[in-house]
Amino acid sequence: MLEVFANMKWGLRRRLLFVFIATGAALGFAELVLCLGGYGAPGERPDPFRGYSSHHPVFVKGDRVGGSWQVSTSDFSTGMRPQGFSHPKPTDTARVFLIGGSSVAGLYLRKHQTLSRQLGSGLSKHHADLDVEVINAGREGKSSHTVLKLLDEVLRYEPDLLVFYLGHNDWPNSRWDAEFIDPGLGTRLRMGLDQSRIYVGLRSLIQSGGASEVPPAFDTPPGGELGRGELGAVERRFEENMEAVLERAAAAGVQVVLCTVISNPYSPPADCGPNGAPDGRENEACQHFVSGMRLDEASDPLASMELKMAVQKDSIPVRAWDDLNEVLRTLSARHDTTLVDLVQVMDGGFETVRGQPLFVDDLHPNAVGNQRIAEAIATRVFEEGLLQAEAAP
């Protein structure tokens, strides 16, 4: 292409250059006008991950009151709990962002039962001199694949501490979002065009009057059982993504707390019930689960080992397996980052309070489970002196 251009006559080359420059200037001016007019803003761009529409920005500025912007959760942020905070951050306020998936968002729970509310209460007890503010940045389906984009946004709002509870969604999303995790040329082109307000505006005009985009249901990921090579690929991506999170937070001078994720060991693996597989053909995970449940009924201490193996060997692991938690332990040591190992604190999910389990289902903590998680995080944050608000000027 360059050789053809070089062989053209000078007059023709000048005309072509003028056309290119004029076109670029016109497009740039149109983008500026749309930007000033608020049309085709990032909040109107589709989020390819999980099929959610208009994922970013998660937080948007509203009215300005007393010199501060009132920031709230975007109307476009499907799967998040509405909330608000001030920007700039008030003096003597310690701001914590809690980042994760549906367990952090508080799926199935009332607002006062969520992990963010309970963590706020726990931190306030340890830091009576501070106005502790815990902002729930959890979203259903959130995984390490998309957390960096959220992190860039969160860092604009003066966090004193970032707490991450991630891992359960990485394998399911590696199936749902495969096209965007390792994008080809066509996908990269579409994702690039989504950054243009002109493209977004034209697409909105063409699609006006059509059906709105609806997020897909959170059902079994496509593709069937997990292959061994796929498991290793998920672990490598999880490590790369979380390492990038730690590096970016360190560059911004913000402290981080990593949490291992827990799940309900009494929830059966794929294609398995309390008495085995419905068709009688038990896979390895199901064999461990049935054995573990029988041992548990007999109060045999070997029950926990069998039930843990059922989680680890699950062929459709919607619960995070321990290898992902081991990645978090490795990263914590490598980067000298605080780790709250909830697997150890809560006995791998076997812990009960007055005989009651700590989960709503196979992986989402209930109110009591969130209280235990919040206590563990708040205690570690206090012991390591991670939370301090900036002094007044």
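Residues numbered from 1 in each chain as written. Predicted model: local features only at pLDDT ≥ 70, side-chain atom pairs only at ≥ 80, totals over all residues. Heavy atoms only, no water.

Caption draft 1: Seen up close, the overall build of the chain. In terms of helices and strands, the chain carries 15 helices and eight strands. Buried residues in the chain amount to 47% of all 393 residues. Approximately 19,900 Å² of the chain is accessible, and the part contributed by carbon and sulfur atoms is 54%. (Helix = DSSP H or I, 4+ residues; strand = E, 2+ residues; numbered from the N terminus. Buried < 20%, exposed > 50% of the residue type's maximum accessible area, 1.4 Å probe, protein only. Areas by Shrake-Rupley, 256 points an atom, 1.4 Å probe, with all protein chains shown as cover.)

Caption draft 2: Empty space enclosed by the protein, seen in detail. As enumerated under the stated definition, the model contains two cavities of 30 Å³ or more in all. The volume enclosed by the largest cavity comes to roughly 70 Å³. What lines the largest cavity is G101, S102, S103, K142, Y165, L166, G167, H168, N169, V261 and L363. A per-class count over the lining of the largest cavity returns four nonpolar, six polar and one charged. (1 Å grid on protein atoms, 1.4 Å probe; cavity = no way out; pocket = protein on both sides within 12 Å on 5 of 7 lines; lining within 4 Å. Points joined across faces, edges and corners; volume = space filled by probe spheres on them. Nonpolar A, V, L, I, M, F, W, Y, C, P; charged D, E, K, R; others polar.)

Caption draft 3: Fine view of the packing of aromatic side chains. Enumeration according to the criterion identifies five aromatic pairs in this entry. Ring geometry for F59 and Y157: centres 6.4 Å apart, planes at 80 degrees, overall edge-to-face. Of this pair, F59 sits in strand β1 (residues 59-65) while Y157 is found in the loop between α5 (147-154) and β6 (161-165), placing the two residues 98 residues apart along the sequence. The same class applies to F59 and to Y157, which are both buried. Centre to centre, the rings of F85 and F97 are 5.9 Å apart; their planes meet at 90 degrees, and the pair counts as edge-to-face. Within this pair, whereas F85 is found in strand β3 (residues 84-87), its partner F97 is found in strand β4 (residues 93-100), the two being separated by 12 residues in sequence. No difference in accessibility class separates F85 from F97, as the two residues are buried. Members of the aromatic cluster, joined through ring pairs, are F59, F85, F97 and Y157. (Phe/Tyr/Trp six-rings, centres within 6.5 Å; stacked < 30°, edge-to-face > 60°.)

Caption draft 4: Spatial organisation of the pattern of salt bridges. For the structure on display, the rule yields 10 salt bridges. Residue D160 is joined to K89 by a salt bridge in which the shortest nitrogen-to-oxygen separation is 2.8 Å. Of this pair, D160 sits in the loop between α5 and β6 while K89 is found in the loop between β3 and β4, placing the two residues 71 residues apart along the sequence. For K89, a relative accessible area of 13% translates into the label buried. The shortest N-O distance in the salt bridge between E133 and R95 comes to 2.5 Å. Here E133, found in strand β5 (residues 131-138), pairs with R95, found in strand β4; they are 38 residues apart in sequence, far enough to count as distant. Among the charged side chains, a salt-bridge network with shared partners connects D322, E326, R329 and D341. (Salt bridge = Lys/Arg side-chain N within 4 Å of Asp/Glu carboxyl O.)

Caption draft 5: View of the environment of P269. You can see P269 is positioned in the loop between β7 (255-259) and α11 (284-297). Judged by its relative accessible area of 5%, P269 is buried. In this structure, the C-alpha to C-alpha distance between P269 and H288, residues 19 residues apart in sequence, is 9.6 Å. Each residue touching P269, except ones within four places of it in the same chain, is listed here: A285, C286, F289, A310, D314 and R319. (Contact = heavy atoms within 4.5 Å.)

Caption draft 6: Here's a closer look at unusual backbone geometry. The amide bond that connects H87 to the next residue, P88, takes the cis arrangement and shows omega of 5 degrees. Within the fold, P88 resides in the loop between β3 and β4. Within the chain, D92 stands out as a residue other than glycine whose phi angle is a positive 65 degrees. With relative accessibility at 41%, the residue D92 sits in the partly exposed group. For D336, which is not glycine, the phi torsion reads 50 degrees and is therefore positive.

Caption draft 7: Structural detail: the pairing of strand β2 (residues 68-73). Taken together, the five bridges between β1 and β2 define a ladder with antiparallel strand orientation. When the sheet's bridge partners are listed, V65 is paired in β2 with S68. Between β1 and β2, which pair antiparallel in sequence order, lie two residues; one of them, G66, sits at a positive phi of approximately 60 degrees. Summarising the sheet, β2 and β3 pair through four bridges and their orientation is antiparallel. (Pairing = 2+ DSSP bridges.)

Caption draft 8: Here's a closer look at the pairing of β5. Among the eight residues that make up β5, six are buried, leaving the element largely enclosed by the rest of the structure. Inspection of the sheet shows β4 paired to β5 by eight bridges, in the parallel sense. If you follow V96 over to β5, its bridge partner there is V134.

Caption draft 9: Fine view of the nonpolar core. In this structure, F59, F97, L162 and F164 are the most contacted members of the largest nonpolar core, which totals 70 residues. No other element matches helix α10 (residues 228-251), which puts eight residues into this core. In this structure, L162 is in contact with F97, I99, L151, V154, L155, A249, V254, Q255, V256 and V257, ignoring residues within four places of it in sequence. Formed by seven residues, the second largest nonpolar core is a distinct cluster that contains F289, V290, L307 and F350. (Core = buried A, V, L, I, M, F, W, Y, C linked by side-chain atoms within 4.5 Å.)

Caption draft 10: Structural detail: the packing of helix α4 (residues 115-126) against helix α15 (residues 367-383). Where α4 meets α15, the closest approach of the two axes is 8 Å, and the angle between their N-to-C directions is 40 degrees. Our classification of the angle between α4 and α15 gives oblique. Our pair here, α4 against α15, has a crossing hand that is right-handed. Contacts between α4 and α15 pair L115, Q118, L119, G122, L123 and H126 from the former with A367, N370, Q371, I373, A374, I377, A378, T379, V381 and F382 from the latter. Looking at the contact of α4 with α15 residue by residue, the class counts come to 10 nonpolar, six polar and no charged. (Axes fitted to C-alpha atoms, helices over the stretch in contact; angles between N-to-C directions. Parallel < 35°, antiparallel > 145°, perpendicular 65-115°, else oblique. Left-handed = near helix turned anticlockwise from the far one by under 90°.)

By themselves, these figures tell us nothing about what the structure is for.
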